[in-house]
Amino acid sequence: MYSLLSGLYDYLTQKPSYKILVCGLDNSGKTTLLEQVKKMHGQKYMDFKKITSTIGLNICKLEKSNGEFTLWDVGGQVVLRKLWEKYFNEAHGLIFVIDGADDMRLPEVKETLHHVFTTQPSHDLESVNTTTAFDQLPVLFLLNKQDSKGFKGVDFVTERTNLGHLLTSAQRRNSESMVMAVSAIDTQGIEGALAWIMAAVSESSK
Ligand SMILES: Nc1nc2c(ncn2[C@@H]2O[C@H](COP(=O)(O)OP(=O)(O)OP(=O)(O)O)[C@@H](O)[C@H]2O)c(=O)[nH]1
Ligand SMILES: [Mg+2]
């Protein structure tokens, strides 16, 4: 009887669990961000200087009052990018990390954004048709390396990558999207970014 009641109690008090996929080009700082999040939450983390390019999956679990959130950090090298979409079905939200200090790679960011989130070639940008994943999941675009001298700022990156068109099209869909600047190294903006994606994910899953 006790185990039946405790089982029922566990069931009723069980928190929902959400998966958030962290993708973006190689070297944008995804793993450093995840390790910093672990550090900020008192978890075991990797020395930032020892982080190498990700091949598999790096995971960070966060227990919050409104649910259990698992962040999945996947590799951003060209050959690994086609794997991102395989995780979209299981994800409740996406974080797309952009190196905000590397303007040389912004054209590649632009191509990748259009390849991953739209259903049309990148030259046709006036009326963006977005993918089902983009239409249905909350998406947070994080401009990382805000601490860096070469950081370009939200307006510059938004314009160079056509992120603006994606965001405008996002206003027509049900799910939310947002652009924020952070520094994975010195923690600027990370708390706000986590708060936004967690709230958006739990809200959109209702
Ligand atoms: N200045 C600065 N450098 C950063 C920041 N975040 C990451 N880096 C540096 O950027 C480089 C790449 O970081 P990673 O975390 O390995 O990048 P990644 O996106 O996980 O790369 P892949 O695993 O190859 O997809 C490293 O040299 C980091 O120290 C940041 O906020 N500021
Ligand atoms: Mg990595």
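Residues numbered from 1 in each chain as written. Chains lettered and ligands numbered in written order. Predicted model: local features only at pLDDT ≥ 70, side-chain atom pairs only at ≥ 80, totals over all residues. Heavy atoms only, no water.

Concerning the nonpolar core
Inclusion rule: Residues belong to a common nonpolar core when they are buried Ala, Val, Leu, Ile, Met, Phe, Trp, Tyr or Cys residues joined through side-chain atoms within 4.5 Å. A simple rule labels every residue: compare its accessible area, found with a 1.4 Å probe on the protein chains alone, to the largest value its type can have, and call it buried under 20%, exposed over 50%, or partly exposed in between. Comment: elements are numbered from the N terminus, with helices defined as DSSP H or I runs of at least four residues and strands as E runs of at least two. We call two residues in contact when some of their heavy atoms are within 4.5 Å.
Judged by nonpolar contacts, the single largest core of 28 residues is most densely connected at F96, F117 and F141. Secondary-structure elements contributing two or more residues to this core are strand 1 (17-23), strand 3 (67-74), helix 3 (78-88), strand 4 (93-99), helix 4 (106-117), helix 5 (132-136), strand 5 (139-144) and helix 7 (163-170). In terms of residue count, the dominant contributor to this core is helix 4 (five residues). If we skip the residues at most four places from it in the chain, F141 touches F96, L113, F117, F134, L163, L166, L167, S177, M178, V179 and M180. Grouped together as the second largest cluster of nonpolar side chains are 24 residues, V22, V37, L62 and V97 included.

Here we look at the coordination of the magnesium ion (ligand 2)
Where we set the bar: Only nitrogen, oxygen and sulfur atoms within 2.8 Å of the metal, or 3.2 Å for Na, K and Ca, are treated as donors, and water is left out, so sites may look incomplete.
Around the magnesium ion (ligand 2), the protein contributes the donor atoms T31 (OG1) and T54 (OG1), at 2.0 to 2.1 Å from the metal centre. You can see T31 sitting in helix 2 (residues 30-40) and its partner T54 sitting in the loop between helix 2 and strand 2 (57-64), a full 23 residues away along the chain. Comparing T31 with T54, the two get one shared label, buried.

Digging into the pairing of strand 3
Going by this rule: We treat two strands as partners when DSSP finds at least two bridges between them.
For strand 3, a buried count of seven out of eight residues is recorded, marking the element as mostly surrounded by other parts of the structure. As defined by bridge partners, strand 1 adjoins strand 3 across six bridges and the pair is classed as parallel. Bridge pairing in strand 3 links S17 to E68. Where strand 2 meets strand 3, eight bridges bridge the pair, whose relative direction is antiparallel. When the bridges of strand 3 are listed, L62 appears paired with F69.

Points about the packing of helix 3 against helix 4
For any two helices packed against each other, one specifies the inter-axial angle together with the distance between the axes. The condition is simple: Structural elements are reduced to axes, namely lines fitted to C-alpha atoms, with helices fitted over the stretch in contact, and the angle between N-to-C directions of any two is expressed from 0 to 180 degrees. Working rule for handedness: look at the near helix, and if it is turned counterclockwise from the far one by less than a right angle, call the crossing left-handed; if clockwise, right-handed. By the convention adopted, Pro, Cys, Tyr, Trp, Phe, Met, Ile, Leu, Val and Ala count as nonpolar, Lys, Arg, Asp and Glu as charged, and the other residues, Gly among them, as polar.
Direction vectors running N to C along helix 3 and helix 4 enclose 35°, while the axes themselves pass 11 Å from each other. Seen from above, helix 3 lies across helix 4 with right-handed handedness. Counted together, V78, R81, W84, E85 and F88 of helix 3 and E108, T112, H115, V116 and F117 of helix 4 form the full contact between these two elements. Here the contact of helix 3 with helix 4 is composed, by residue class, of five nonpolar, two polar and three charged.

Quick word on the UniProt feature "binding site: Mg(2+)" (unreviewed entry) in the protein chain
As a reminder of what qualifies: UniProt positions are given in the numbering used here, feature names are shortened, and annotations may be inferred rather than shown by experiment. Cavity: a set of points on a 1 Å grid over the protein atoms alone where a 1.4 Å probe fits but cannot get out. Pocket: an open set with protein on both sides within 12 Å along at least five of seven lines, its lining residues, like those of a cavity, having an atom within 4 Å of a point.
With numbering matched to this structure, UniProt assigns "binding site: Mg(2+)" (unreviewed entry) to T31 and T54. A maximum C-alpha distance of 7.5 Å places the annotated residues, which cover 24 residues in sequence, within one compact spot. None of the other annotated residues line the largest pocket; only T31 and T54 do. With relative accessibility at 9%, the residue T31 sits in the buried group. The residues contacting T31, other than those within four sequence positions of it, are I51, T54, N58 and D73.

Here's the deal with the site of ligand 1
Formally: Residues are counted as near a molecule or strand when any one of their heavy atoms sits within 4 Å of it. Under this definition, polar contacts are N or O atom pairs within 3.5 Å; protein pairs additionally need one hydrogen-donor-capable and one acceptor-capable atom, and for neighbouring residues in sequence, both atoms have to be side-chain atoms. The accessible surface values rely on the Shrake-Rupley method and a 1.4 Å probe; as for residues, cover is taken only from the protein chains in view. More than half of a molecule's atoms within 2 Å of the grid points is what it takes for that molecule to sit in a cavity or pocket.
Ligand 1 sits among 19 residues. The nearest are K30, T32, S53, T54 and D147. Within the contact set of ligand 1, an oxygen atom lies 2.7 Å away from a side-chain nitrogen or oxygen of K30. Between ligand 1 and the protein, one listed contact pairs an oxygen atom with a backbone N or O atom of A184 at 2.8 Å. For ligand 1, whose free accessible area comes to 660 Å², the fraction covered by protein is 81%. A majority-of-atoms criterion places ligand 1 in the largest pocket. Counting residues per element, the shell around ligand 1 draws most heavily on helix 2, at three residues. The residue makeup of the shell around ligand 1, split by class, is four nonpolar, 11 polar and four charged.

Concerning a nonpolar patch on the surface
To be explicit about the condition: The patches described consist of residues with a relative accessible area above 30% and no salt bridge, like charges being joined within 9 Å and nonpolar side chains (Val, Leu, Ile, Met, Phe, Trp, Tyr) within 5 Å. Any carboxyl oxygen of Asp or Glu within 4 Å of a side-chain nitrogen of Lys or Arg constitutes a salt bridge here.
Where nonpolar side chains cluster on the molecular surface, the patch consists of L5, L8, Y11 and L12 and spans about 480 Å² of accessible area. Looking at the secondary structure, you find L8 in helix 1 (residues 2-13).

Details of the packing of aromatic side chains
Selection rule: Any two of the Phe, Tyr and Trp rings considered here, Trp counted by its six-membered ring, make a pair once their centres fall within 6.5 Å; the pair's planes then place it as stacked at under 30 degrees, edge-to-face at over 60, or tilted in between. In this scheme, Lys NZ or Arg CZ marks a charge over a ring once it lies within 6 Å of the ring centre and within 35 degrees of the ring normal.
What the rule picks out here adds up to eight aromatic pairs. Consider the rings of Y45 and F48, whose centres lie 5.9 Å apart with planes at 45°: the pair is tilted. Over the ring of F156 we find K152, and its NZ or CZ is 6.0 Å from the ring centre.

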